[in-house]
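A closer look at the structure
As a plain string of letters, each chain reads:
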Amino acid sequence: LIPTFPEVNSTNNNIAFVDKANGSDATGTVGDQTRPFSTIKAAVAAASLSTPSVVLVSEGIYNEANPITVPANVQIVGKTGTLGWVQTEIIPLDPLQDVILMTGNGAGVTGVTVTVPTATDKGAIVYNGPNGTTASVTFVGIRGQAGSTSAGIYVRCASTGKIISFENRYRG
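Calculation rules
Residues numbered from 1 in each chain as written. Predicted model: local features only at pLDDT ≥ 70, side-chain atom pairs only at ≥ 80, totals over all residues. Heavy atoms only, no water. Helix = DSSP H or I, 4+ residues; strand = E, 2+ residues; numbered from the N terminus. Buried < 20%, exposed > 50% of the residue type's maximum accessible area, 1.4 Å probe, protein only. Areas by Shrake-Rupley, 256 points an atom, 1.4 Å probe, with all protein chains shown as cover. pLDDT = per-residue confidence, 0-100. Contact = heavy atoms within 4.5 Å. Core = buried A, V, L, I, M, F, W, Y, C linked by side-chain atoms within 4.5 Å. Pairing = 2+ DSSP bridges. Axes fitted to C-alpha atoms, helices over the stretch in contact; angles between N-to-C directions.

**Quick word on the overall build of the protein chain**
Assigned secondary structure in the protein chain consists of one helix and 14 strands. Taking all 172 residues of the protein chain together, the buried fraction comes to 42%. Roughly 8000 Å² of accessible area belongs to the protein chain as shown, and the carbon and sulfur atoms make up 55% of that amount.

Right under this line is the structure:
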């Protein structure tokens, strides 16, 4: 049974659905809710071919190859419960790399919990877009210890871009 996202019009051809239990990266098709992808990374790559796009991720724990590069005008949206609790979690396969790397104007992540990498100068969610651009990080949980050896959500110094619309709910 493919979960539904009633808040989204599923006839939009630029929506990629992700369902680790019922999906397949080999047969996943952007715009077809009955043919979801099994990984977030594959869905983002396919969705980025036609923007603006949304990647809707079903609830569950996703062990993902990282970094997941989110280009301009692509949004990752996780499933949230009735009280707003995040039901989608991303765990990086490589704890020494950034988990989600947003690289352009309009990139965004909403409604997920992300495990913090263990390497210095790597982040759960990183924005490294061009000058004067914005990205959004909304209703995101961070799991792990963000501090002197790793970061939660940050803007890399190489860019003067900025993160807007930030709401963080810690889940330790």
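**Some words on unusual backbone geometry**
Each neighbour pair has its own omega, and for N66 with P67 the value is 10°, a cis peptide bond. Along the chain, the position of P67 falls in the loop between β3 (60–64) and β4 (68–70). The backbone phi angle of N73 is positive, close to 65°, even though this residue is not glycine. By secondary structure assignment, the location of N73 is in the loop between β4 and β5 (74–78).

**Thoughts on the confidence of the model for the protein chain**
Overall, the prediction assigns the protein chain a mean pLDDT of 77, with 69% of residues at 70 or greater. Confidence, read as mean pLDDT per element, is least for strand β14 (residues 162–164) in the protein chain (52) and greatest for helix α1 (residues 40–47) (96). Counting interchain partners and residues more than four positions distant, the pLDDT-below-50 stretch residues 1–7 has 18 contacts. Contacts for the low-pLDDT stretch residues 165–172, under 50 throughout, to residues beyond four places or in other chains number 25 contacts.

**Some thoughts on the side chain of S53**
Checked against the element boundaries, S53 lands in strand β2 (residues 53–57). Ignoring anything within four residues of it in the chain, the contact list for S53 reads N14, A47, N73, V74 and Q75.

**Notes on the nonpolar core**
In terms of nonpolar packing, the biggest core is built from 30 residues, with I40, V55, I100 and M102 touching the most fellow members. Elements that contribute at least two residues to this core include exactly β1 (15–18), α1, β2, β4, β5, β7 (100–102), β10 (123–127) and β11 (134–138). The biggest single contributor to this core is α1, with four residues. Dropping the residues within four chain positions of it, M102 is found in contact with V70, A107, G108, V109, I125, V126, Y127, N128, G129, A135, S136 and V137.

**Some details on the environment of A65**
Residue placement: A65 occurs in the loop between β3 and β4. Separated by 29 residues in sequence, A65 and D94 place their C-alpha atoms 6.9 Å apart.

**Some words on the sheet that holds strand β9 (residues 113–115)**
With parallel pairing, the four strands of this open sheet are ordered in space as β3-β6-β9-β12. Taken across any chain shown, the strands that pair with only one partner, and hence form the sheet edges, are β3 and β12 (141–143). Across the sheet, the mean angle from the axis of one strand to that of its neighbour is 20°, orientation sign disregarded. With two bridges connecting them, strand β6 (residues 88–92) and β9 associate as parallel partners. Paired with I90 across the bridge in β9 is V114.

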